[in-house]
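Residues per chain are reported as follows:
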Amino acid sequence: MDDYILITTSSPHIHSGESISRIMFSVAIALLLPTFAGIYFFGFRALGLVIVTSIAAILTEAIFQRLRNKPITITDGSALVTGMLLALNLPPGLPYWMAVVGAVVAISLGKQIYGGLGANPFNPALIGRVFLMVTFTSPMTTWINPVDGTTGATPLALMKMQGIPTDYVRLFFGNVGGSLGETSAFLIIIGGLYLIYKGYVDWCIPASYLGSVAILSAILGQDPVFHLLSGGLMLGAFFMATDMVTTPLSRLGKMIFGIGAGFFTVLIRLYGGYPEGVSFSILLMNAFTPLINRFTVPKIYGEVKSR
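Residues numbered from 1 in each chain as written. Predicted model: local features only at pLDDT ≥ 70, side-chain atom pairs only at ≥ 80, totals over all residues. Heavy atoms only, no water.

A closer look at the overall build of the protein
Quick reminder of the rule: Only DSSP runs of H or I covering at least 4 residues are called helices, and only runs of E covering at least 2 are called strands; the numbering of each starts at the N terminus. For each residue, the accessible area found with a 1.4 Å probe, counting protein chains only, is set against the maximum for its type, and the residue is called buried under 20%, exposed over 50%, and partly exposed in between. Contacts between residues were defined by any pair of non-hydrogen atoms, one from each residue, lying within 4.5 Å. To measure how exposed things are, a 1.4 Å probe is used in the Shrake-Rupley method; for residues, cover is taken only from the protein chains shown.
Looking only at helices and strands, the protein features 14 helices and 2 strands. The proportion of buried residues among the 307 residues of the protein is 48%. Look at the contacts in the protein between residues 6 or more apart in sequence, and 75% of them connect residues 24 or more apart. When the accessible surface of the protein is summed, it comes to about 15400 Å², and 68% of that surface belongs to carbon and sulfur atoms.

Printed below as a string of structure tokens:
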């Protein structure tokens, strides 16, 4: 029996001319900006992490597709983006073999186990990062100071544990300890705006995510600018919360998703056991995505309510 593809969207169906590979490689190009910042502040070991996780992600995808007798689609760039995002969520000094484990988990348990690209309910890179945080807690919380190469606390940890704020300028340009993607908020914003310009990212999610973090942190007596610039919030808002597969479809649903992610981020940062809450907040909202889609179905054009 022939296989049929069920189209559930309303007509007319006009092809935009875009493709998965074009979108994914555009995201990879945008990710090069925070990657360059990580290399600048932490040295070529940061580049090594990006290369190792990217290669491990691509090979894992090819192996699993071969084992499942599925076409090998590593040229679409999705595994590359997962590897790059995972690397940007890792401490610069993490052993390479741990990074490889994270990449294997991200692709196998975060993507291929559900059927591959388009079927995964959770962001694969964040699945890999959270797995590493739970499994290798000490190496995943050992941060390098870009000034002198010594280990130290992140700005969020300094604020939460000791009440010591970090200069806005250092936070904005990335001269702080943390993950590779917690470097330059400036370059992350440029990369995110590029994706918005290309139409690959809907501005609703970053705007609602960042806006809810700013508003809620201010209500709770915190410095909203500090919370916006510190940690992995900018990377999460522009590159991970905007994942097309794991986020809601409608404009209203995307705003609800962003607000919810912002709420959980502030809640975990201020009252949770971790100084950072971006990864957990996005994964939590990924779980709510099917429910959000159910209750935010757009009104059909011309539809009227029955009396």
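Having put the structure on the table, let's press on.
Points about the pattern of salt bridges
Where we set the bar: Basic side-chain nitrogens of Lys or Arg form a salt bridge, by our definition, when they fall within 4 Å of a carboxyl oxygen of Asp or Glu.
Considering all chains together, one arrives at 4 salt bridges under this definition. Of the charged contacts in the structure, one is a salt bridge between Glu-276 and Arg-269, with a shortest N-O distance of 2.9 Å. Taken as a pair, Glu-276 and Arg-269 share a single burial class, namely buried. One network of salt bridges, in which partners are shared, links Asp-202, Arg-251 and Lys-254.

A short note on the packing of helix H2 (residues 44-67) against helix H4 (residues 96-108)
The following threshold applies: To obtain an axis, a line is fitted to C-alpha atoms, over the contacting stretch when the element is a helix, and the angle between two such axes runs from 0 to 180 degrees between their N-to-C directions. In this scheme the handedness of a crossing depends on how the near helix is turned from the far one: anticlockwise by less than a right angle means left-handed, clockwise means right-handed. Residues are grouped as follows: Ala, Val, Leu, Ile, Met, Phe, Trp, Tyr, Cys and Pro are nonpolar; Asp, Glu, Lys and Arg are charged; all remaining types, including Gly, are polar.
H4 packs onto H2 with a crossing angle of 35° between their chain directions and a minimal axis gap of 8 Å. The chirality of how H2 crosses H4 is right-handed. On H4, the residues that touch Arg-45, Gly-48, Leu-49, Val-52, Thr-53, Ala-56, Ala-57, Thr-60, Glu-61 and Phe-64 of H2 are Tyr-96, Ala-99, Val-100, Ala-103, Val-104, Ile-107 and Ser-108. Taken together, the residues of the contact of H2 with H4 break down into 11 nonpolar, 4 polar and 2 charged.

A closer look at the nonpolar core
Heads up, the rule is: Take the buried residues of types Ala, Val, Leu, Ile, Met, Phe, Trp, Tyr and Cys, join any two whose side-chain atoms come within 4.5 Å, and each joined set is a nonpolar core.
If you look at the biggest cluster of nonpolar residues, it comprises 66 residues, and the most contacted ones within it are Leu-31, Tyr-209, Phe-239 and Ile-282. Here this core takes 9 residues from helix H1 (residues 20-42), the largest share from any one element. Setting aside residues no more than four positions away along its own chain, Ile-282 makes contact with Leu-126, Tyr-209, Gly-236, Met-240, Ala-241 and Phe-257.

What about the packing of H2 against helix H3 (residues 78-88)?
Direction vectors running N to C along H2 and H3 enclose 140°, while the axes themselves pass 8 Å from each other. The handedness of the crossing between H2 and H3 comes out as right-handed. Contact with H2, carried on its side by Leu-49, Val-50, Thr-53, Ser-54, Ala-57, Ile-58 and Glu-61, involves Ser-78, Ala-79, Leu-80, Gly-83, Met-84, Leu-86 and Ala-87 of H3 and no other residues of that element. Along the lines of polarity and charge, the residues of the contact of H2 with H3 split into 9 nonpolar, 4 polar and 1 charged.

Quick word on the confidence of the model for the protein
The predicted structure's coordinates, where accompanied by low pLDDT, should not be read in detail. The line we're drawing: As a per-residue quantity, pLDDT reports the predictor's confidence and falls between 0 and 100.
Per-residue pLDDT for the protein has a mean of 87; in total, 88% of the residues score no lower than 70. Mean pLDDT values for the elements of the protein range from 65 in strand E2 (residues 151-152) up to 96 in H4.

Section: H2
Rule in force here: Each residue after the first adds 1.5 Å to the expected span of a helix.
Taking 1.5 Å per residue, 24 residues should reach 34 Å; H2 reaches 35 Å between its end C-alpha atoms and fits that length. Taken together, the buried positions of H2 are Ala-46, Gly-48, Leu-49, Val-50, Thr-53, Ser-54, Ala-56, Ala-57, Thr-60, Glu-61, Ala-62 and Gln-65. Here the buried face of H2 lies against H1, H3 and H4. Asn-69 lies just past H2 and shows a positive phi near 55°.

What to know about helix H5 (residues 124-135)
Formally: Contacts described as polar in this section are N or O atom pairs within 3.5 Å, which, within protein, must combine one atom able to donate a hydrogen with one able to accept it, while residues neighboring in sequence count only if both atoms come from side chains.
An ideal rise of 1.5 Å per residue puts 16 Å on 12 residues; H5 measures up with 17 Å between its terminal C-alpha atoms. All of the buried residues in H5 are Pro-124, Ala-125, Leu-126, Gly-128, Arg-129, Val-130, Leu-132 and Met-133. Where H5 begins, the capping side chain belongs to Asn-123, and its oxygen is found 3.1 Å from the backbone nitrogen of Ala-125.

Section: the packing of aromatic side chains
Threshold: A pair of aromatic rings is counted whenever rings of Phe, Tyr or Trp (Trp by its six-membered ring) have centres within 6.5 Å, and the orientation is called stacked for planes under 30 degrees apart, edge-to-face for over 60 and tilted otherwise.
Evaluated as defined, the whole model comprises 7 aromatic pairs. With centroids separated by 5.6 Å and ring planes inclined at 50°, the aromatic side chains of Phe-172 and Phe-186 adopt a geometry described as tilted. Taken as a pair, Phe-172 in helix H8 (residues 168-173) and Phe-186 in helix H9 (residues 185-198) lie far apart in primary sequence, 14 residues in all. Looking at Phe-186, the relative accessible area reads 35%, which means it is partly exposed. The interplanar angle of 65° and the centroid separation of 5.5 Å between the aromatic rings of Phe-263 and Phe-264 together place this pair among those described as edge-to-face. Through pairs of rings, three or more aromatic residues link up here, namely Phe-172, Phe-173 and Phe-186.

Description of the environment of Ser-208
For Ser-208, the position within the fold is in helix H10 (residues 204-219). Along the sequence, Ser-208 and Ala-237 sit 29 residues apart, while their C-alpha atoms lie 9.1 Å from each other. Discounting chain neighbours no more than four positions away, the residues touching Ser-208 are Lys-254, Met-255, Gly-258 and Ile-259. Polar side-chain contacts of Ser-208 include one of 3.2 Å to the backbone oxygen of Ile-205.

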